[in-house]
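Examination of the molecular architecture
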Amino acid sequence: MVFLKRQLPLLICFIIGTISAVQYYVPTHLSSDVAEGLSNWYIIVAMFASLLGFVSVGMVHSKKIQRKEPGWAYSALVFLGIALMVVLGFWSGGKETYDDGRISPFGWLYNATLVPLQSTMFAILGFYVASAAFRSFRAKSFDAGVLLVTALIVLLGNVPFTNYIWATGLGIHDIAGVKFEMTDIVGWLIGTPNAAARRGVTFGVALGAIATSLKIIFGIERAYLGGGD
Amino acid sequence: MEPFFRKLLAMDRRWIFLALGLAVIFPTFIHLNLPGLKPSPNVTAVYDLIEGMPEGSKVLVSFDFDPASKPELAPQAVAVLRHLFRKKHKVVAMGLWVTGVTMAKDIVTRSAKESKAKYGEDYVYLGWKPGNFAVIENMAGDIHGCFPKDNDGNETASLPLMKGIHKLAEFDLVVSLAAGSPGIDTWIAYGSDKYHFKMTGGTTAVNVGSMAQYVQAGQMVGLIGAMRGAAEYEMLIDKRADAAAGMDAISLGHYLIVIFVLLGNIAYFVTRPRKGGA
């Protein structure tokens, strides 16, 4: 049992991990075939993972309903939503629109629920950003002041009308031969200090991912095997 | 002045919500048509790339977003598709986000209908497949194997357009319209960098900063950023649509947030305790 629970997963992880890493640097047909085969396997495993996620969500919410925990009615809504989507999905043959162009019940449910719900959730962020900007975005220190000024420039520069006032109203196009329109300033901010910081973050994340992957491949990091014996 | 600013700082946040709501709704009823919009170099680069490709070029458009980002990315998609169909390019559409499948199909179908493009010959919609980056890896080797059927259940191999496309590298261009990951960075890391095809794309306002590095490094050609980018693209193809109409609302929203930030800071400096004060 220990072999099945511990050694075998570690062995599979080592072999697949090593092959996946090595094949990236080997430009041959065999390597491409291996990559395609592995990606096929990944897709199959991902499907099972989705199923596992579905079961997990079901268990969490069914427990909430059973125990009548606060907000259990929302958990009931989760099941209702899933059931409705699945039933209408099968009823519509998995199609959003019929061949004659009519929208199917499945397509209607998507357009009438998911689209407005997701759009609303995202739009609400705008309101919270406005409120947070008013209450929390303070120049309490020099660093915060620099951030504040930069943010204001980017905010204003992203509005075409500001560029119009800058170029037409104030008549500023260049300074000492260097283009100095509002869009140029914003472009420089995004393309130079921002891109430099982003690259730093990207490199950091990539190095971290490589280190973690190596630890998993070589069996040093075993948290993915789960706890217990 | 101090009591006024103290009152201002203690203001119920619902007043802020109301002000922003009005700033966004007002221009949708009364069009201000604020001037100043002109195509940026990044958007022009995307336009020039599509404009410069020979007629009948094969283009893959990946809808890597869901309805949450629809207001920003759908106008980009519509503008790019209009341009692609106008130039008689062959479009294969798909998506890496499951919640965007129906929305993407709707956008593609409507754009194709408007351009009188024929399904199977001028465009194909493959739909979605689970696997995130693995789908890209899979398509790099065999698109028909990865998508044996299109979104409507037709055999992919039987569609005239797909008969000439077997691998990702056979596309003349891949366009990823992405709201996050999987998206542009996934297409670059697992697709264009390894299998050498041309990449471009569009993204939301919050992601423009992260994508700038790929444009600078030459890993993608140009970038359409947010609704403003879409409005610029509409300008380039000479077809004002949703993005251009939404720019007034975006502009007023931006100005209002700037005013709130300034007011908040003025109030903070006026009301903060002085050194040596009681």
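This section reports on the structure supplied with the text. All residue numbers refer to positions counted from 1 along the written sequence of the respective chain. Labels follow written order: the first chain is A, the first ligand is 1, and so on. In keeping with the model being predicted, local features are shown solely for residues with a pLDDT of at least 70 and side-chain atom pairs are shown and tallied solely at 80 or more, while totals for entire chains, interfaces and linings include all residues. Where side-chain values are given, they derive from all heavy atoms of the structure, hydrogens and water being excluded.

As for the overall build of chain A
Every helix listed is a DSSP run of H or I at least four residues long, and every strand listed is a run of E at least two residues long, numbered separately from the N terminus. When helices and strands are counted, chain A shows seven helices and two strands. Along chain A, from the amino end to the carboxyl end, the secondary structure elements read α-α-α-α-α-α-β-β-α. Computed over C-alpha atoms, the radius of gyration of chain A comes to 27 Å, more than 25% over the 17 Å expected from 2.2 N^0.38 for 229 residues, which places it beyond the range of a compact globule. Oriented by its inertia axes, the alpha-carbon framework of chain A measures out at about 75 × 50 × 45 Å. Residue exposure (1.4 Å probe, protein chains only): buried if accessible area is under 20% of the type maximum, exposed if over 50%, otherwise partly exposed. Looking at chain A as a whole, 22% of its 229 residues qualify as buried. The criterion used for residue contact is that any of the two residues' heavy atoms lie within 4.5 Å. Sequence separation of 24 or more characterises 34% of the internal contacts of chain A that already satisfy a separation of 6 or more. Calculation of accessible area relied on Shrake-Rupley with a 1.4 Å probe; when residues are assessed, cover is drawn exclusively from the protein chains displayed. Accessible surface, chain A: about 15,200 Å² in total, of which carbon and sulfur atoms supply 74%. For the radius of gyration, the atoms used are the C-alpha atoms, and the globule rule reads 2.2 Å times the number of residues raised to 0.38.

So, the sheet that holds strand β3 (residues 123–128) of chain B
All names here are of chain B. The pairing criterion is simple: DSSP has to find at least two bridges between the two strands. Read from one edge to the other, the open sheet built from six strands follows the order β3-β2-β1-β4-β5-β6, with strand pairing classed as parallel. Edge positions in the open sheet fall to β3 and β6 (224–225), since each of these has one partner strand only. Relative to β3, strand β2 (residues 90–95) is paired through five bridges, and the arrangement is parallel. By the bridge assignment for β3, M94 is matched with G127. Each of β4 (173–178), β5 (199–203) and β6 is contacted by helix α3 (residues 41–52), which is oriented at about 135° to β5, the strand it contacts most. Note on definitions: angles span 0 to 180 degrees between N-to-C directions of axes, and those axes are lines fitted to C-alpha atoms, for helices only across the stretch in contact.

Some thoughts on the interface of chain B and chain A
Contact residues are listed per partner, giving 62 residues for chain B and 54 residues for chain A. Throughout, the accessible surface (probe 1.4 Å) given up by two parts as they are put together, summed over both, is called the buried area. Summed over both partners, the interface of chain B with chain A buries about 5,300 Å², with 63% contributed by carbon and sulfur atoms. What counts as a salt bridge is simple: a side-chain nitrogen of Lys or Arg found within 4 Å of a carboxyl oxygen of Asp or Glu. Scanning the region where chain B abuts chain A turns up two salt bridges. Between K105 of chain B and E96 of chain A there is a salt bridge, with its nearest N and O atoms 3.7 Å apart. At the level of elements, α1 (2–9), α2 (13–29), α4 (70–86), α5 (101–114), α6 (133–141), α9 (184–195), α10 (205–216) and α12 (242–271) of chain B are the ones that each hand at least two residues to the side of chain B that touches chain A. Ranked by residues supplied to the side of chain B that touches chain A, first place goes to α12 of chain B with 14 residues.

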